[in-house]
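# Structure at a glance
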Amino acid sequence: MLLVMKVLGIETSCDETAAAVVEDGSRLLSNVVASSMDLHAQYGGVVPEIAARSHIEAILPVIHQALDDASCTWDDIDAIAVTYGAGLGGSLLIGVLTARTLAIAHNKPLYAVNHVMGHVYANFLTATSLPGFTMPAGAPEFPMLAIIVSGGHSQLALFRGHFDYDLLGRTQDDAIGEAFDKVAKIIGLPYPGGPNVSKAALSGDPQAFPLPKAKVGKYDFSFSGLKTAVLRLAQAEIGEDYNFPSTKLPERLNDAQKNDIAASFQRVAIETIVDKARLAFDEFAPRSVVIAGGVAANQELRRQLTEALPLPIEFPDLKLCTDNGAMIATLGCFHVLTGQPVADPYALDIAPNLSM
Ligand code: KG4
Ligand code: ZN
């Protein structure tokens, strides 16, 4: 039986400044996200310096809002959890330095949380009285197969318990989210690419073009070949060869061509993930399967997985798939509950290249 415990989670690894309060690793009390995405859109991707400056401006108001929304004062908070990696150095620094300062000022234990693992832990949130959230009926059971698909990571992990997992495989080059973002650029859709590609795909024919699936290790992924195949396909569609500049493609492709490219790319990219998830399911017979990371918001992924796997899958609320503080607070709760070491608030450093 859990004690009542409230953890404040702080997340600033990319362009979202986020904070949330989670109780007992399962109940979401608040979830505040300020995004600087609009400022990056004109550049077609996240500009690290702009992201860091936006974090500085937003972080304290976001944290105070998260405490207010949860009807908490500092006295109610048992621990602070902060993302210390992976992510952009300048962005991580703002969250980590803020968390360190607050931990010292309010005398709270500080926990250093892995961002990618945080995405997985969004699946442990099962209750909230906040409006607009659809929560799963129960927490995932172990062994748990985690399909991690974000802008920076594509990997399969088998969790036998909390903090006890094997990485089955990972991408050898681009992450799947990155591939979505690059394909968006090729067909002229604005940043962030993922949601826009999947929107365009709704009006396209997923079978319009055959695209290759990379042959890599059993549970590994590779998306750079698929991205290049999309580029060559777009060039061929307008009757040009590989010398044609990719920046000029959007103005030459018509909407039907763009939608068909988006739909065909999405089908193959998602199939790649689902094929391997099915393999892992057959080999390891997990009791639960969860999806994690920004691409977990993708409806085609949800549809294909539901079709491919013989067990019901509980999908996280869309708002908990992209970067947020709730997942960090949730994982922070499990750091506390399983007695993971606390971080030194005078010394905790960032780890931009942290992996699982
Ligand atoms: O997890 P996340 O918010 O940030 C990282 O930790 O990387 O993932 C962001 C990625 C981006 O590449 C974005 O294009 C992708 O997730 N994404 C999607 C969708 N929503 C976000 N990709 C495909 N379909 C979506 N609906
Ligand atoms: Zn993320």
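In what follows, the structure referred to is the one given above.
Presented here is an overview of the structure given in this document.

Basis of the calculations
- Here the residue index of a chain counts from 1 through its sequence in written order.
- Labels follow written order: the first chain is A, the first ligand is 1, and so on.
- It should be noted that, the model being predicted, local features are given only for residues of pLDDT at least 70 and side-chain atom pairs only at 80 or more, the latter also being counted only at that level, while totals for whole chains, interfaces and linings use all residues.
- Heavy atoms from the whole structure form the basis of all side-chain values; hydrogens and water molecules are not counted.
- Pairing between two strands requires that DSSP report at least two bridges joining them.
- Think of it this way: any DSSP run of H or I at least four residues long counts as a helix, any run of E at least two long counts as a strand, and we number them from the N terminus.
- Metal sites are built from N, O and S donor atoms within 2.8 Å, or 3.2 Å for Na, K and Ca, and they leave out water, so they may look incomplete.
- Residue exposure (1.4 Å probe, protein chains only): buried if accessible area is under 20% of the type maximum, exposed if over 50%, otherwise partly exposed.
- A contact between two residues is defined here by any heavy atoms of the two lying within 4.5 Å.
- Any carboxyl oxygen of Asp or Glu within 4 Å of a side-chain nitrogen of Lys or Arg constitutes a salt bridge here.
- What makes a residue near a molecule or strand is one non-hydrogen atom of that residue sitting within 4 Å of it.
- Any N or O atom pair separated by 3.5 Å or less is treated as a polar contact, with the protein-specific requirement of one donor-capable and one acceptor-capable atom, and with residues adjacent in sequence counted only for side-chain atom pairs.
- Under the grouping applied here, Gly and all other residues not named as nonpolar or charged are polar, the nonpolar ones being Ala, Val, Leu, Ile, Met, Phe, Trp, Tyr, Cys and Pro and the charged ones Asp, Glu, Lys and Arg.
- An automatic or database domain assignment supplies the start and end points of every domain.
- Charge convention: Lys and Arg are scored as positive, Asp and Glu as negative, and His as well as the terminal groups of each chain are ignored.
- To get an axis, fit a line to the C-alpha atoms, keeping to the stretch in contact for a helix; angles then go from 0 to 180 degrees between the N-to-C directions.

### Overview of the pairing of strand β9 (residues 164-170)
In this sheet, β9 lies alongside strand β8 (residues 154-161) in antiparallel orientation, the contact comprising six bridges. Its bridge partner being in β9, Phe159 is matched across the sheet by Tyr165. Counting the residues between successive antiparallel strands, the hairpin from β8 to β9 contains two residues, one of them, Phe163, with a positive phi of roughly 60°.

### Topic: the coordination of the zinc ion (ligand 2)
Here the zinc ion (ligand 2) is held by His115 (NE2), His119 (NE2) and Asp323 (OD), and the distances to it run 2.0 to 2.1 Å. Ordering the donors of the zinc ion (ligand 2) by residue number gives the pattern H-x3-H-x203-D. Here His119 is found in helix α4 (residues 115-121), whereas its partner Asp323 is found in the loop between α10 (299-308) and α11 (326-337), with 204 residues between them in sequence. The buried category is assigned to Asp323, whose relative accessible area is 14%.

### Notes on unusual backbone geometry
Here the bond from Gly85 into Ala86 is cis, since omega is -10°, no more than 30 degrees from zero. Mapped onto the secondary structure, Ala86 falls in the loop between β4 (79-85) and α3 (89-106). Omega for the peptide link from Phe142 to Pro143 comes to -5°, which places this bond in the cis form. Structurally, Pro143 can be placed in the loop between β6 (127-128) and β7 (144-149). Notably, Asp24 is not glycine yet its phi reads approximately 55°, a positive angle. Structurally, Asp24 is set in the loop between β2 (16-23) and β3 (27-35). Its relative accessible area of 13% is what places Asp24 among the buried residues. Of note, Asn107 is a non-glycine position whose phi angle comes to about 55°, a positive value.

### Things to note about the environment of Ala297
Residue placement: Ala297 occurs in the loop between β10 (288-292) and α10. Take Ala297: its relative accessible area is 25%, and that puts it in the partly exposed class. For Ala297 and Gly194, which are 103 residues apart along the polypeptide, the C-alpha to C-alpha distance reads 9.2 Å. Not counting the four nearest positions on each side in its chain, Ala297 is found in contact with Arg302, Leu318 and Cys321.

### Brief notes about the pattern of salt bridges
Going through the model one piece at a time under the given rule, you end up with 15 salt bridges. Close ionic contact of Arg278 with Asp282 constitutes a salt bridge, the shortest N to O distance being 3.0 Å. In this pair, Arg278 and Asp282 both sit in helix α9 (residues 255-284), four residues apart, roughly one turn of the helix. We classify Arg278 as partly exposed; its relative accessible area is 31%. Here Asp282 falls in the partly exposed class, since its relative accessible area comes to 47%. Beyond isolated ion pairs, a larger network of salt bridges with shared partners links Asp174, Glu178, Lys182 and Lys227.

### Thoughts on the site of ligand 1
In the neighbourhood of ligand 1, 18 residues make up the surrounding shell, with His119, Gly151, Asp181, Gly194 and Gly294 lying closest. Gly151 places a polar main-chain atom, nitrogen or oxygen, 2.8 Å from an oxygen atom of ligand 1. At a separation of 3.2 Å, an oxygen atom of ligand 1 approaches a polar side-chain atom of Asp323. Listed by contribution, the elements that provide at least two residues to the shell around ligand 1 are α4, α5 (176-186) and α6 (193-201). Its residues assigned to classes, the shell around ligand 1 comprises four nonpolar, 12 polar and two charged. Taken together, domain 1 (6-138 + 320-337) and domain 2 (168-308) each give at least three residues to the shell around ligand 1, which thus spans both.

### A word on the side chain of Asp24
Despite its burial, Asp24 pairs with no opposite charge; the closest candidate is Lys6, at 8.0 Å N-O. At 2.8 Å, the side chain of Asp24 forms a polar contact with the backbone nitrogen of Met5.

### Things to note about the sheet that holds β4
The six strands are arranged β5-β4-β1-β2-β3-β6 in an open sheet whose pairing can be described as mixed. Among the strands making up the open sheet, the edge pair consists of β5 (110-114) and β6. Examined bridge by bridge, strand β1 (residues 6-11) and β2 share six bridges and lie antiparallel to one another. If you follow Val7 over to β2, its bridge partner there is Val22. Running at roughly 20° to β2, helix α2 (residues 48-69) makes contact with β1, β2 and β3 of the sheet. Sheet contacts for α11: β1, β2, β3, β4 and β5; angle to β1, the most-contacted strand, approximately 130°.

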